[in-house]
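Residue-level structural notes
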Amino acid sequence: MTQQLLAVAGEASGDLHAARLLAELGRLEPDLSVFGLGGDEMRATGVATVADSSEISVVGLVEVLKVLPRARQIFAALLGQVERKKPAAALLVDFPDFNLRLAKELARRGVPVIYYISPQVWAWRKRRVHQIARDVTRMLVLFPFEVEFYRSHGVDAVHVGHPLVDEVPQLPQIWDRAPATGGTAVEPFRIALLPGSRRSEVEALLPLQLGALARLAKTLPVVGRIIQAPTISRDSIERHLAAAGLGGDGTPPVEIVAADRFAAIADSHLALCASGTATLEVGLLGTPMIVCYRLSVWTYRLARLLVRLPHVSLVNLVLEREAVPEKLQHEAEPQPLAAEAERLLRDSAAIATMRGHLAELRGRLGASGASGRAAREVAGLLRQRAAL
């Protein structure tokens, strides 16, 4: 009898990591049928989705309120499918505000929950770990330090490593091919702009990144390349370009990169990067970066009360030091970003130091094969269920 699996992922990175896991799982369990919530990557593996996760993937309290009605509709639709299909288990990937609520409902219905990519309860809202212990059958974590935290709270946690180790290739870095210091480069500095994978992120960050690029162009020869996430339309990016007045005569050229993003990032001298998984991608490629992020005023005030971490970016958290500069809230403005970018581009020693830090990142994230290890954990639970 064909087993059913519910799989739910939110933003673009979760969709990608879930798809990699499900592709590996399909080789182990070829007769498995998967349904749930995700994006193009998950659908490409054969997942029957009730909706596209981009509809409700936003950041910030104000932004969440805007999509709450649609989120409730999707939540109800998923539970309706669960009632009809009676899945043997559920795979919930990241997306904690939605998925932890879903885990509670699934546990009530007797559906075992495997959670992949841990909510950062070790950073904030630690009380949620008690709900996780109650509702989650097994937690698959990316970082070794998470295992001890979860096990100390009664959660069955397994370290599988980070899938980005396999997904992000090791490519030649532009600083090795054509060093450029002191503004004397024979070609312009290439600046990668990564405004995020959620519409709300792009709306908040792309204008300030473009503003920083325009200011930087007044003192150094630069060209920009916007790294377009698959969840973001080209039209929305072009709208921001037009509003910034960039791309025409007398302004720094700006291209939009939708394909081969890793090659484009590795071929850049510096990246202005939204906080999130993208910082790990840029770091694994060895490209120096400035991390920038902005939230609505009330969301930021709430985060300040709840979060107790020395850094915001995953790169700095994993390396346990400020390897890359972080510009947040009032510092995430065009002028401070441009000033920091100019300082780095004119200081070859600072660039070399940052690249030295980033060279440690791949080793910190664990061995290759994370998606396969995670898939074997899911397959093992499915086989246990089939034997009952």
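See the structure above.
Residues numbered from 1 in each chain as written. Predicted model: local features only at pLDDT ≥ 70, side-chain atom pairs only at ≥ 80, totals over all residues. Heavy atoms only, no water.

Turning our attention to helix H4 (residues 96–108). In this model, H4 (13 residues) spans 18 Å end to end at C-alpha, consistent with the 18 Å of a helix rising 1.5 Å per residue. All of the buried residues along H4 are Phe98, Asn99, Leu100, Leu102, Ala103, Glu105 and Leu106. Of the residues flanking the end of H4, it is Gly110, one or two places downstream, whose phi is positive at about 80°. (Helix = DSSP H or I, 4+ residues; strand = E, 2+ residues; numbered from the N terminus. Expected span 1.5 Å × (residues − 1). Buried < 20%, exposed > 50% of the residue type's maximum accessible area, 1.4 Å probe, protein only.)

Time to look at the packing of aromatic side chains. Applying the stated rule across the entire model yields four aromatic pairs. Summarising the aromatic geometry, the rings of Phe75 and Phe98 are spaced 5.5 Å apart at their centres and angled 75° between planes, so their arrangement reads as edge-to-face. Taken as a pair, Phe75 in helix H3 (residues 61–85) and Phe98 in helix H4 lie far apart in primary sequence, 23 residues in all. In this structure Phe75 comes out as buried when scored by relative accessible area, which is 18%. The buried category is assigned to Phe98, whose relative accessible area is 10%. (Phe/Tyr/Trp six-rings, centres within 6.5 Å; stacked < 30°, edge-to-face > 60°.)

Opposite charge on two side chains makes pairing possible when the charged atoms of those side chains draw close. Taken as a whole, this structure holds 30 salt bridges when the rule is applied. In this structure, Arg198 engages Glu11 in a salt bridge whose closest nitrogen and oxygen atoms are separated by 2.8 Å. Here Arg198, found in the loop between strand E8 (189–194) and helix H9 (199–216), pairs with Glu11, found in the loop between strand E1 (4–9) and helix H1 (12–28); they are 187 residues apart in sequence, far enough to count as distant. Take Arg198: its relative accessible area is 16%, and that puts it in the buried class. Classification of Glu11 as buried rests on a relative accessible area of 9%. Asp40 is the partner of Arg43 in a salt bridge, and the nearest nitrogen-oxygen pair spans 2.8 Å. Here Asp40 and Arg43 lie together in helix H2 (residues 40–44), a separation of three residues that amounts to about one turn. On the basis of relative accessibility, which here comes to 30%, the residue Arg43 falls in the partly exposed class. (Salt bridge = Lys/Arg side-chain N within 4 Å of Asp/Glu carboxyl O.)

With that out of the way, let us pick up the side chain of Gln173. Residue position: Gln173 is located in the loop between helix H7 (164–167) and helix H8 (174–177). According to the relative accessible area criterion, Gln173 is buried, its value standing at 3%. Side-chain polar atoms of Gln173 contact the side chain of Thr287, separated by 3.0 Å. (Polar contact = N/O pair within 3.5 Å; in protein donor to acceptor, adjacent residues only side chain to side chain.)

On to the environment of Gly38. Summarising the element assignment, Gly38 is placed in strand E2 (residues 33–38). Expressed as a C-alpha distance, the spacing of Gly38 and Ala51, which sit 13 residues apart in the sequence, is 7.2 Å. Sequence-distant contacts of Gly38, that is, excluding residues within four places in its chain, are made with Ala9, Asp15, Arg43, Thr49, Ala51, Asp52 and Ser53. (Contact = heavy atoms within 4.5 Å.)

Turning our eyes to something else, we now look at the sheet that holds E1. Spatial strand order, E3-E2-E1-E4-E5-E6-E7: seven strands in an open sheet with parallel pairing. The sheet is open, and its two borders are formed by strand E3 (48–52) and strand E7 (157–159), each paired with just one other strand. Neighbouring strand axes in the sheet, compared pairwise and without regard to direction, differ in orientation by 15° on average. Sheet topology places strand E5 (residues 113–116) next to strand E6 (residues 138–141); three bridges connect them, and they run parallel. Residue pairing for E6: Ile114 is matched across the bridge by Arg138. Each of E1, E2, strand E4 (89–93) and E5 touches H4; the most contacted strand, E4, lies at about 165° to it. (Pairing = 2+ DSSP bridges. Axes fitted to C-alpha atoms, helices over the stretch in contact; angles between N-to-C directions.)

Among the nonpolar cores identified, the biggest contains 96 residues, and Leu5, Leu21, Leu22, Leu25, Leu91, Tyr116 and Ile191 are the most heavily contacted of them. The biggest single contributor to this core is H9, with eight residues. Setting aside residues up to four positions removed in sequence, Ile191 forms contacts with Leu213, Leu216, Val222, Val223, Gly224, Arg225, Leu270, Leu272 and Leu345. Counting 35 residues, the second largest nonpolar core, distinct from the first, contains Ile56, Leu92, Leu102 and Val111. (Core = buried A, V, L, I, M, F, W, Y, C linked by side-chain atoms within 4.5 Å.)

Let's shift gears to the packing of H9 against helix H10 (residues 234–244). Between H9 and H10, whose axes approach to 10 Å, the crossing angle comes to 40°. As judged from the angle between their axes, H9 and H10 are oblique. Judged by the sense of rotation from one axis to the other, the crossing of H9 with H10 is right-handed. The residues of H10 that touch H9, namely those facing Val202, Glu203, Leu206, Pro207 and Leu210, are Ile237, Arg239, His240, Leu241 and Ala244. Among the residues forming the contact of H9 with H10, the class breakdown is seven nonpolar, one polar and two charged. (Parallel < 35°, antiparallel > 145°, perpendicular 65-115°, else oblique. Left-handed = near helix turned anticlockwise from the far one by under 90°. Nonpolar A, V, L, I, M, F, W, Y, C, P; charged D, E, K, R; others polar.)

The next subject is H1. Compared with an ideal rise of 1.5 Å per residue, which puts 17 residues at 24 Å, H1 spans 25 Å between its outermost C-alpha atoms and is within 8% of the ideal. Among the residues of H1, Ala12, Ser13, Gly14, Asp15, Leu16, His17, Ala18, Ala19, Leu21, Leu22 and Leu25 are the ones counted as buried.

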